[in-house]
Every structure is written in structure tokens, then in C-alpha cells.
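For reference, the chains in residue letters:
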Amino acid sequence: MADAQSARGSFPGFLTWVLAAALALSGCANAEGGNGNGDDDAADERPASGEPAPGESAPEESASNEFTIAATGDVLLHDNILEEAVEIAEEQDYSFSPLMRGVEDLIAGADLALCGLEVPIAPEGVDPVGYPVFAAPPEIAADLAEVGFDGCATANNHSFDQGADGQERTLEALDEAGLGHAGTARTPAEASEPQLYTLERGGREVTVAHLATTMLHNQGYPPPEDEPWRVSDVSPEELTEQAARARREGADVVVASVHWGEEYTAAPSRAQRDYGEQLAAGGEIDAVFGSHPHTPQPMERLDGGPAEEGMWVVWSMGNFLSNQDEACCAPETASGTVAYATVEVDDDGARVSSMDWLPVTVDRGPTDDEPHRGIWPLRDLAEGEVPAAVELSERTIADRWTGVLDVMTDRELREQPPSPTGDEPTVVPRSG
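Predicted model only: the values in this text are computed from it and were never measured.

K.L.:
Go over the overall build of the chain with me, naming the residues and quoting the values.
P.N.:
Each helix and strand counted, the chain has 12 helices and 14 strands in total. Among the 432 residues that make up the chain, the fraction classed as buried is 53%. Restricting to contacts in the chain with at least 6 residues of sequence separation, those with at least 24 account for 73%. With an accessible surface of roughly 18,000 Å², the chain has 46% of that area assigned to carbon and sulfur atoms.

K.L.:
Outline the state of the cysteines, listing residues and values.
P.N.:
Taken as a whole, this structure holds two disulfides when the rule is applied. Each sulfur of the disulfide joining Cys 115 and Cys 152 lies 2.1 Å from the other. The sign of the 110° torsion about the S-S bond sets the Cys 115-Cys 152 disulfide as right-handed. Remark: Cys 152 occurs in strand β3 (residues 151–153) and Cys 115 occurs in strand β2 (residues 112–117); sequence separation between them is 37 residues. The pair Cys 115 / Cys 152 is uniform in exposure class, with both members buried. Each sulfur of the disulfide joining Cys 328 and Cys 329 lies 2.3 Å from the other. Torsion about the S-S bond of the Cys 328 and Cys 329 cystine: about -95°, corresponding to left-handed handedness. The class of Cys 328 is partly exposed, set by a relative accessible area of 28%. Numbered in order of appearance, the disulfide-bonded cysteines of the chain are paired 1-2, 3-4.

K.L.:
Please set out the sheet that holds strand β10 (residues 311–317) residue by residue, giving values where relevant.
P.N.:
Reading across the sheet, the seven strands line up as β9-β10-β8-β7-β6-β5-β14 and stay open at both edges, with mixed pairing between neighbours. Strands with a single pairing partner mark the edges of an open sheet, and in this sheet they are β9 (296–302) and β14 (426–428). When the angles between neighbouring strand axes are averaged without regard to direction, this sheet yields 20°. Judged from the three bridges that link them, strand β8 (residues 287–291) and β10 form a sheet pairing that is parallel. Among the inter-strand pairings, Ala 287 is bridged to a residue of β10, identified as Trp 312. Helix α9 (residues 236–248) contacts β6 (204–214) and β7 (253–259) of the sheet and is inclined by roughly 155° relative to β7.

K.L.:
Let's hear about the pairing of β8: which residues, and what values?
P.N.:
Most of β8 is tucked away: five of the five residues are buried. Two strands pair when backbone bridges link them, and β7 and β8 are joined in this way by five bridges, in the parallel orientation. What sits directly across from Ser 257, in β8, is Phe 289. With helix α10 (residues 270–282) bridging β7 and its parallel neighbour β8, the resulting β-α-β unit is right-handed.

K.L.:
A description of the environment of Pro 425 should follow, citing residues and the corresponding values.
P.N.:
Note on placement: Pro 425 falls in the loop between α12 (394–408) and β14. On the basis of relative accessibility, which here comes to 12%, the residue Pro 425 falls in the buried class. Separated by 314 residues in the primary sequence, Pro 425 and Asp 111 place their C-alpha atoms 7.0 Å from one another. Excluding residues that lie within four positions of it along the chain, Pro 425 makes contacts with Asp 111, Leu 112, Asp 150, Tyr 197, Thr 198 and Leu 199.

K.L.:
Now, about α12: what can you tell me, with residues and values included?
P.N.:
Between its terminal C-alpha atoms α12 stretches 21 Å, which fits the 21 Å expected from 15 residues at 1.5 Å a residue. Residues of α12 that are buried: Ile 397, Arg 400, Trp 401, Val 404, Val 407 and Met 408. Looking straight down α12, one finds its buried side chains confined to an arc of 135°; they lie on one side. Looking at α12, the residues exposed on the side facing more than 90 degrees away from the buried face are Glu 394, Arg 395 and Asp 406. Downstream of α12 by a residue or two, Thr 409 has a phi angle that is positive, lying close to 60°.

K.L.:
Account for the pairing of strand β11 (residues 335–346), naming residues and giving values.
P.N.:
Of all 12 residues that make up β11, 10 are buried, and the element is covered over most of its length. For strand β1 (residues 66–75) and β11, the ladder comprises six bridges, and the chain directions are antiparallel. Bridge pairing links Thr 68 to Thr 342 in β11. Looking at chain direction, β11 and strand β12 (residues 349–362) are connected through 12 bridges and run antiparallel. Residue pairing in the sheet places Ala 339 in a bridge with Trp 357 of β12.

K.L.:
Please give an account of the pattern of salt bridges that cites residues and values.
P.N.:
In the structure shown here, the tally under the stated rule is 29 salt bridges. The salt bridge involving Arg 373 is made with Glu 370; its shortest N-O contact spans 3.4 Å. Ionic contacts of the salt-bridge type, sharing partners, join the residues Arg 270, Arg 273, Asp 274, Glu 277 and Glu 300 into one network.

K.L.:
Help me get a handle on the sheet that holds β2, residues and values and all.
P.N.:
Pairing is mixed in the open sheet, where seven strands are placed in the order β4-β3-β2-β1-β11-β12-β13. Each edge of the sheet is formed by a strand with only one pairing partner; in this case those strands are β4 (180–182) and β13 (375–377). Across the sheet, the mean angle from the axis of one strand to that of its neighbour is 30°, orientation sign disregarded. In the packing of α12 onto the sheet, the strands contacted are β11 and β12, and the crossing angle to β12 comes to about 150°.

K.L.:
Which residues make up the packing of α9 against α10, and what values do they have?
P.N.:
Running from N to C, α9 and α10 cross one another at 35°; their axes reach a closest spacing of 9 Å. Regarding α9 and α10, the two cross each other, and that crossing is right-handed. Contact residues: α9 offers Pro 236, Glu 237, Leu 239 and Thr 240, while α10 offers Tyr 275, Gln 278, Leu 279 and Gly 282. A class-by-class count of the residues in the contact of α9 with α10 yields four nonpolar, three polar and one charged.

K.L.:
Hey, could you go over helix α7 (residues 163–176) for me, with residue numbers and the actual values?
P.N.:
The end-to-end C-alpha separation of α7 is 20 Å, in line with the 20 Å expected for 14 residues at 1.5 Å each. Of the positions making up α7, those classed as buried are Gly 166, Gln 167, Arg 169, Thr 170, Leu 171, Ala 173 and Leu 174. Downstream of α7 by one or two residues, Gly 178 has phi in the positive range, about 80°.

Rules of the game
Residues numbered from 1 in each chain as written. Predicted model: local features only at pLDDT ≥ 70, side-chain atom pairs only at ≥ 80, totals over all residues. Heavy atoms only, no water. Helix = DSSP H or I, 4+ residues; strand = E, 2+ residues; numbered from the N terminus. Buried < 20%, exposed > 50% of the residue type's maximum accessible area, 1.4 Å probe, protein only. Contact = heavy atoms within 4.5 Å. Areas by Shrake-Rupley, 256 points an atom, 1.4 Å probe, with all protein chains shown as cover. Disulfide = S-S within 2.5 Å. Pairing = 2+ DSSP bridges. Axes fitted to C-alpha atoms, helices over the stretch in contact; angles between N-to-C directions. Right-handed = clockwise from strand over helix to strand, strands pointing away. Expected span 1.5 Å × (residues − 1). Arc of directions from axis to C-beta. Salt bridge = Lys/Arg side-chain N within 4 Å of Asp/Glu carboxyl O. Left-handed = near helix turned anticlockwise from the far one by under 90°. Nonpolar A, V, L, I, M, F, W, Y, C, P; charged D, E, K, R; others polar.

Rendered as C-alpha cells:
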């Protein structure tokens, strides 16, 4: 990727706004949604003990028969983000979660949330640094977990910016934070396994397998020639076989993160489309989450997929937390999408039935003297819900909103973030 950096500063009013927003949302839920299950009138008539009202039978216990998988674009910790994370830190050296707090409900509302971590963690003795050769502080892993992520894809063109030591430290940090990971490995045994997550839905346990691969490597920082298994760089046929093996070993749903395409483009390249169409034709992968262009690209349902019911793909989710925008780069780099795959569960299994999205955008400050002010829900900003901590102009917000809609269209645009449909997923450790 090609990207730029900015400077440092404070984070004015952020915690005050978060508290106010949380209270406002709580009030809306109580006023409009009650207990969130659609039975508010009946609930009002029940005795305070929770027992059914006279003449009413006890409600049957039931588990949701669907859940959502969220995926986001690239997490790129440029120098301006590192500097701001130092400024707002209290009990640790770096604190990134406040920079992501504005979009926490877009992440934590999903039943399973996956990030695209495009930076390695700095190995022992290496100071954190941003572009062009990234080395992230280990705090990023716990902070991603804090805002609701359950795991990350780690296969990309920056996987070996810090060599094998950094690649291994990245997985160690994710393990320590309780996050899953797919796309890189410390041993051949770990490389042979998908990342699995289990959820109790539809009255049974559902297993989701996450695969990841990259079609790109940076010159000067390739994976070791004698240990190619350290990062997944496989053909569509090989990725399809990995998915098939995961299904044979018990996976109900298989999703894949693929790092591909050309930077700063609004449509998939021929190579992207060929790769995606081959995955769809293989019939083993339910959904594909694309990254690398740093700009949003559309989502599409391709022919093929499991049981010939189609395979959803978002060609690029753009950026998530980064220091890119109009001031340094293509204007479209300021925004990204959170892609949501809805999984339906029944007695015959589980499948991705639909995919939709919500946009996010960064407020990095217009000059190198401005602080990075985090990432925000772009739809809310465009509809006039602008927190005091955001200093983007109305014109900038409108331009970004129009730009995302020009690419994505509003066909699969969500009205609001999802809500969890059950308990949190269990992260199944890979064999290290």
C-alpha cells in the first residue's frame, strides 16, 4: 500500500460524547424497542415477578436461527495514529480503543466480528513505527477485542514487514488477547488449520471456519523461501480445498478473507474477479471479504457457492482505522465499509443468506498539526448525528457519503447495526 502520516494532539470531548450517546441510545431502546423481542405490550401486562399474566401460557425458550458475521477493512497504524494512541493512553503505553469507540456498536453488535490487521506487531526490541515498514504495539490486539472483534485476518503484503519474528509476535499478541487469526502461522501444523469459531444458534452448535490468503507481497519483505507456510498465498483451487477440508472436519459455514486487487480503484480488477469466480465455482465458500485497495468496492452475489445457492463477495471493504483521506491520498481512502453476512441456521445446516453493509470514515485532521480523531459511522454523520469530537465539515461528510454510495449503491445498505442474537462465539485455538 502507499499511504501517508500526520501528527499528534488531544481527543477533546470524546468520553463526554460517548457517555451521552450511550444514554441516548439506551433511552431510544427503552422507548421504541422495550426488551428488544417485539413483545413489549405483553411484557407490560405481566406481573413484576416475570410470571405470565392470567390466561397467558409460559413463553417457550428458543434460540435465534440466524446470526451475523461482520468484517472490516484494513487496520493501518500510521505514525499519527500511534502518536495519538500515546496521548490518550492512561494505564498502558498505547490506547487505540478510544479511536474506535465511535463505531463500537457496528462491531460489537455482530455475533462474530473479523478485522483485517495489515500491520505486524513489533517483535522484542523493536520500537513501534508506521508506514512504510509497520511495527505495531501489542496493545492493538487487546483494544480490537475491547471494541468487539473476535479475530483477524493476518495475510497481506505487510505480513513480513518485521520478518518472521514480527509475524510470530503478531499471533502471540492475538492469542494473548483471546482473538482468533487466519492467514499466517508459526508452524506447518498451524498453517494446515482454519480458524474456527463456535456459536450456539438454532438450538445447536454452529461452527464457522475462517480462512485468509494474500495475492500480494511487498518487495524487500517476502515470506521466507524455505518456510512458505508462514503466510497463505494460495490458488483458488487450494483455498477451495482448504474450505472443503474444513467442512469435512465439521465446519457449517466457511468464510474467506482475500487480500487482492489494485490500490485506489473503485471496481474489482480482472484478477480479482477471476479469483472470486473460481472460488464461487468451487462450491465450498459461503462468503469472501476482500481487502487491499484501501477504497470501497461493491458487494455481489456470484453464481455457484455451496449447494449452488450463490457466494457473496465484497470485493474491497476499503480502510477501517487508518491515516488516509483527501489530504494525502485518493479521497475514497477516508472511508470503508463494515460488511455483514447473515447466516441462517436450520436442521439441515447453516448458510449465508445475504450480505449488507454500513459505511465508516476517519477524522484524521486536515494538517500534520492536527490530532487523529478516530473512526466514525458515516451514515450517522451524513444524517446530521455529528458528535462534538468530530471536526469534519458538512461538505466533507456529504462528499464522502456520496462517494461511498456511488460505488456501493444503496441496494444492500443497512438501516442500522445488527444486535447480537445469542452468546458470544467461542474462539477455537489453532494448533501452534
